[in-house]
Amino acid sequence: MTTQTSDLLAAAAPRTVDVVRGITDDQLDLATPCRDYVVRDLLNHLFEVVVNFQDLAQKRQVEWAEKPDHLADGWRDRFKTETDRLIAAWSDPSTLEGVSPGMGMPQTVIGGMALLDLTVHGWDLAVATGQPYQPAPEAVAELHGLVEQLGPTARKMGVFADPVPTTAPPTSPPDLAHLLTQTGRTPTWPPTP
């Protein structure tokens, strides 16, 4: 059994897993487009997302305050294992019913947030470490509406920065560059001085 959320996660996850596998130990202290995070911090954050959103799929409370270091031996393989578990966790249609008790938002939005982190942070990590990245087109198409919906609150909470102005003509459907600008990222990162 699958859901739209698990199908989208299944399309997006391998692309980010490939980026994570390509990160070398000497790149862990490099800057990323995700402000205040170096590669190591962003990897730990993404691990936390992938693990905690498994529990959120089951409508269980999660603890975001704990910040374990996930980058022990075998972390690249463990990241793949945890993304597989994330996809499986969202494959039951009941995961999309109701409101998340811990986050107070519809479960469909919660699943979309996991997809957003996998997609956007996959790009963050790829550009920070000089790797190619091509997101799942179906994920990008789905995420535009979610970012528009979450944007005002996410900006107030400091999750998104202000949208980045762009002179690029709009595309139809909106592309990754547009999605990135709406989350406060410069698609041509690193910006030229």
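Residues numbered from 1 in each chain as written. Predicted model: local features only at pLDDT ≥ 70, side-chain atom pairs only at ≥ 80, totals over all residues. Heavy atoms only, no water.

**Regarding the overall build of the protein**
In step 1: Each helix and strand counted, the protein has six helices and zero strands in total.
In step 2: Each helix and strand of the protein, placed in order from N terminus to C terminus, yields the pattern α-α-α-α-α-α.
In step 3: Its C-alpha radius of gyration of 16 Å places the protein within 12% of the 16 Å reference for a compact globule of 193 residues.
In step 4: Structurally, the protein occupies a C-alpha span of about 50 × 40 × 30 Å along its principal axes.
In step 5: Considering the protein as a whole, with its 193 residues, one finds that 46% of them fall into the buried category.
In step 6: When contacts within the protein are restricted to residue pairs at least 6 apart in sequence, long-range pairs at least 24 apart make up 70% of them.
In step 7: When the accessible surface of the protein is split by element, carbon and sulfur atoms take 54% of a total near 9800 Å².
In step 8: Separation of charge centres in the protein, based on 14 positive and 25 negative side chains, amounts to 1 Å. (Helix = DSSP H or I, 4+ residues; strand = E, 2+ residues; numbered from the N terminus. Rg over C-alpha atoms; globule rule 2.2 N^0.38 Å. Buried < 20%, exposed > 50% of the residue type's maximum accessible area, 1.4 Å probe, protein only. Contact = heavy atoms within 4.5 Å. Areas by Shrake-Rupley, 256 points an atom, 1.4 Å probe, with all protein chains shown as cover. Lys, Arg positive; Asp, Glu negative; His and termini not counted. Charge placed at Lys NZ, Arg CZ, Asp CG, Glu CD.)

**So, the layout of surface pockets**
In step 1: Roughly 1100 Å³ of internal volume is contained in the largest pocket.
In step 2: Taken together, 36 residues make up the lining of the largest pocket; nearest its centre are His-45, Asp-117, His-121, Gly-158 and Val-159.
In step 3: The set of elements that each furnish at least two residues to the lining of the largest pocket consists of α2 (39–57), α4 (107–128) and α5 (137–156).
In step 4: The dominant element in the lining of the largest pocket, judged by the number of residues it contributes, is α2, at six residues. (1 Å grid on protein atoms, 1.4 Å probe; cavity = no way out; pocket = protein on both sides within 12 Å on 5 of 7 lines; lining within 4 Å. Points joined across faces, edges and corners; volume = space filled by probe spheres on them.)

**Brief notes about the packing of α2 against α4**
In step 1: It is at 10 Å that the axes of α2 and α4 come closest, and there the two elements cross at 160°. Taken as axis vectors, α2 and α4 run roughly antiparallel relative to one another. The two elements α2 and α4 cross, and the hand of that crossing is left-handed. For the pair formed by α2 and α4, the contact residues are Val-39, Leu-42, Leu-43, His-45, Leu-46, Val-49, Val-50, Phe-53, Leu-56 and Ala-57 on the first element and Gln-107, Ile-110, Met-113, Ala-114, Asp-117, Leu-118, His-121, Asp-124, Leu-125 and Ala-128 on the second.
In step 2: A per-class count over the contact of α2 with α4 returns 15 nonpolar, three polar and two charged. (Axes fitted to C-alpha atoms, helices over the stretch in contact; angles between N-to-C directions. Parallel < 35°, antiparallel > 145°, perpendicular 65-115°, else oblique. Left-handed = near helix turned anticlockwise from the far one by under 90°. Nonpolar A, V, L, I, M, F, W, Y, C, P; charged D, E, K, R; others polar.)

**Concerning the packing of aromatic side chains**
Aromatic ring pairs are defined here through the distance separating the ring centres and the angle between the ring planes.
In step 1: Taken as a whole and judged by the stated rule, the model has one aromatic pair.
In step 2: Taking 5.3 Å as the distance between ring centres and 80° as the angle between the ring planes, the aromatic pair formed by Phe-47 and Phe-79 counts as edge-to-face. Taken as a pair, Phe-47 in helix α2 and Phe-79 in helix α3 (residues 75–89) lie far apart in primary sequence, 32 residues in all.
In step 3: Its relative accessible area of 2% is what places Phe-47 among the buried residues. (Phe/Tyr/Trp six-rings, centres within 6.5 Å; stacked < 30°, edge-to-face > 60°.)

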